[in-house]
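# An overview of the molecular structure
What follows is each chain in one-letter form.
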Amino acid sequence: MKVLLVEDEKLLANTLKKGLEEEGYIVDVAYDGEEGFFLGRCYGYDVIILDVMLPKLDGMELLLRLREEGVKTPILMLTAKDSVEDKVKGLDSGADDYLTKPFSYDELLARIRALLRRKSESKTSFIKIKDLEIDLNKKIVKRAGNEIKLTKKEFKALTLLALNKNRVISKEFLIDSLYSTDRFVSINAVEVLINRLRKKIDKDYSQKLIHTIKGFGYMIKDD
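Structural notes, computed from the coordinates. (Residues numbered from 1 in each chain as written. Predicted model: local features only at pLDDT ≥ 70, side-chain atom pairs only at ≥ 80, totals over all residues. Heavy atoms only, no water.)

## Some words on helix H1 (residues 10–22)
In plain terms, the rule: Where helices and strands are cited, they refer to DSSP runs of H or I of at least four residues and of E of at least two residues respectively, numbered from the N terminus. To estimate how far a helix should reach, multiply one less than its number of residues by 1.5 Å. Three exposure classes are used, based on accessible area relative to the maximum for each residue type with a 1.4 Å probe and protein chains only: buried under 20%, partly exposed in between, and exposed over 50%.
Between its terminal C-alpha atoms H1 stretches 18 Å, which fits the 18 Å expected from 13 residues at 1.5 Å a residue. Buried residues of H1: Ala13, Leu16, Lys17, Gly19, Leu20 and Glu21, and no others. Just downstream of H1 lies Gly24, where phi reads positive at about 100 degrees.

Here it is as structure tokens:
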């Protein structure tokens, strides 16, 4: 499952990113409202965790703009304000849930799971692109009915590409999404990962799904 975290407190953002990734989520982080709006509008997420107090574009305005753009992703608001008025304003603006800082990490996980359960009622956790099948819950990948064993990071990379099919995903975006922010990761590491993934997904099949877009990144094509 893919999560967008929009939080300007970098220590908190990086701690949450690391924890959520350990739970199996793919996490993108935006440190200001403008970046959060760009990512939230352009990429498909299962949940958006959105702080209210943000630079460049505050969380409440960002929430309104995303809803105006037709983004229906469940949004969990984070705020230091706990007044009833603030909560009502957030919910009326299109938020799906509200969590006041400081909060329990276990409660955050429970609320994310609750939002995902609600979303699953209207959207399947199963991705099918031509003869490629990805079961996001069971973490099972099949091509033409044959199960393919992937490492955790390979599964995350494949899921990220599949969720954004027909869109170019840059190497830098993959680094931010797949690797912890507390250590340096080279572009070469992403290239090696994608080459490994391509051998497992495409090598034995005439129709190739994972494509390199020279100078930009990678894409799964479904056309």
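## Thoughts on the pairing of strand E8 (residues 140–143)
Threshold: Between any two strands, pairing holds if DSSP finds at least two bridges.
Residues of E8 alternate between two faces, with Val141 and Arg143 buried on one and Ile140 and Lys142 left unburied on the opposite face. Pairing analysis gives four bridges linking strand E7 (residues 132–135) to E8, with the strands arranged antiparallel. In the sheet register, Ile134 faces E8, and the bridge partner there is Val141. Between the end of E7 and the start of E8, which pair antiparallel, lie four residues, with Lys139 showing a positive phi angle near 60 degrees. Looking at chain direction, E8 and strand E9 (residues 146–148) are connected through three bridges and run antiparallel. Within the sheet, the bridge partner assigned to Arg143 lies in E9 and is Asn146. Taking the residues that link successive antiparallel strands as the turn, the E8-E9 hairpin has two residues, and the phi of Ala144 there is positive, at about 55 degrees.

## Brief notes about the nonpolar core
Note the following rule: Only buried residues count toward a nonpolar core. Its members are Ala, Val, Leu, Ile, Met, Phe, Trp, Tyr and Cys residues joined through side-chain atoms within 4.5 Å. Contact between two residues is taken to exist if any of their heavy atoms lie within 4.5 Å; hydrogens are not considered.
Counting 51 residues, the largest nonpolar core has Leu50, Met77 and Ile134 as the members making the most contacts within it. Per-element accounting of this core gives the leading share, six residues, to helix H6 (residues 152–163). In this view, Ile134 contacts Ser125, Phe126, Ile127, Ile140, Val141, Phe155, Leu158, Thr159 and Ala162; residues no more than four positions away in its chain are not counted. Counting residues in each nonpolar core, the second largest holds 19 residues, with Val27, Val29, Val47 and Leu108 among its members.

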